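Read off the chains here:
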Amino acid sequence: MLKSFLFCAAAATALSACTYDVHGRGEDRSVDAAGLVASRNVDVPGDAEFSGMFVGADGRVGRDLELSGATVRSNMIVGRDLEASGGRVRFTGEVGGDAEFSAGTADIDARIAGNTEIAAGRVTLDGHLHGSLEMDGGHMVLRADVDGPVTVRGHGRDDGDGRVEISGRLGQGGLICAAEVELRAGARLGGGFLVISHTRPDGEGFEWEALGRRDCEDL
């Protein structure tokens, strides 16, 4: 096993993936790729899973896609659900179901049909989310339009309460809690929002409460 791993690492600069397995037939045809570098362009009707130190996955997956690595980059059309985790995650494309992201730094620009969950130290979110959004982070830039309810909680600054900048259109109300909340040009809050922060942000379409000594993660 150790010998195989060392060979895999040594060959990483020449091979896109140390192991690449296509299994199943017809609508069940799926892909698994793993190694120090796991990078492929795929077009399969089933599932796909990529894991490695450096992950690059492009193309189309008919069902579920799972990505994990220190650095993850993907431009993909996903038929059902997406899970992506890593130190740095960048995803662009479309997701037909739910999406879940966990990262130190996340850059997302996608159209997501289902619900979206994000946990990241820093996150920039663009695109259009048709379902709900639940996002926790230290510094969050929310430029996406969100049709469903929104819950945003800041962490990592001023005793763990973070910062959020919003310029997207949020249609069904929800909760935004952070040490600082900034509503930029183009931001639209509809459906009834509660904003909790140290100072009231400029703008309309929400009720405001002072954060005080509370932690956003407890709300």
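Anything mentioned here points back to the structure above.
Here's a quick rundown of the structure. (Residues numbered from 1 in each chain as written. Predicted model: local features only at pLDDT ≥ 70, side-chain atom pairs only at ≥ 80, totals over all residues. Heavy atoms only, no water.)

This next bit is on a nonpolar patch on the surface. A cluster of nonpolar side chains, Leu-36, Met-53 and Phe-54, forms an exposed patch at the surface whose accessible area comes to about 260 Å². Accessibility expressed as a relative area gives 40% for Met-53, which makes it partly exposed. (Patch = residues over 30% accessible without salt bridge, like charges linked within 9 Å, V, L, I, M, F, W, Y side chains within 5 Å. Areas by Shrake-Rupley, 256 points an atom, 1.4 Å probe, with all protein chains shown as cover. Salt bridge = Lys/Arg side-chain N within 4 Å of Asp/Glu carboxyl O. Buried < 20%, exposed > 50% of the residue type's maximum accessible area, 1.4 Å probe, protein only.)

Counting across every chain of the model gives 14 salt bridges. Arg-143 is the salt-bridge partner of Asp-126, the closest N and O atoms lying 2.8 Å from each other. Taken as a pair, Asp-126 in strand E7 (residues 116–129) and Arg-143 in the loop between strand E8 (133–142) and strand E9 (145–146) lie far apart in primary sequence, 17 residues in all. The exposure class of Asp-126 is buried, given its relative accessible area of 19%. Overall, Arg-143 belongs to the partly exposed group, its relative accessible area being 42%. Glu-180 serves as the salt-bridge partner of Arg-163, at 2.7 Å between the closest nitrogen and oxygen. With Arg-163 in strand E11 (residues 163–166) and Glu-180 in strand E14 (residues 180–183), this pair connects stretches of sequence that are 17 residues apart. On the basis of relative accessible area, Arg-163 is assigned to the buried category, the value being 15%. (Helix = DSSP H or I, 4+ residues; strand = E, 2+ residues; numbered from the N terminus.)

Mapped onto the fold, Val-195 is located in strand E16 (residues 193–197). Judged by relative accessible area, which is 0%, Val-195 ranks as buried. Residues Val-195 and Glu-209 lie 14 residues apart in sequence; the distance between their C-alpha atoms is 6.4 Å. With residues near it in sequence (within four places) discarded, Val-195 still touches Ile-176, Val-181, Pro-201, Phe-206, Glu-207, Trp-208 and Glu-209. (Contact = heavy atoms within 4.5 Å.)

With that out of the way, let us pick up the pairing of E16. Burial of E16 is extensive: four of the five residues sit out of reach of the surface. Strand direction decides the pairing type here: E16 and strand E17 (residues 206–210), joined by five bridges, are parallel. Each residue of the ladder has a partner; that of Val-195, found in E17, is Trp-208. (Pairing = 2+ DSSP bridges.)

Pairing of strand E2 (residues 30–44) with strand E3 (residues 48–61), which is carried by 13 bridges, proceeds in the parallel orientation. Residue pairing across strands places Arg-40 opposite Ala-57, the latter belonging to E3. Across 13 bridges, E3 lies against strand E4 (residues 65–78) in parallel orientation. Paired with Phe-54 across the bridge in E4 is Thr-71.

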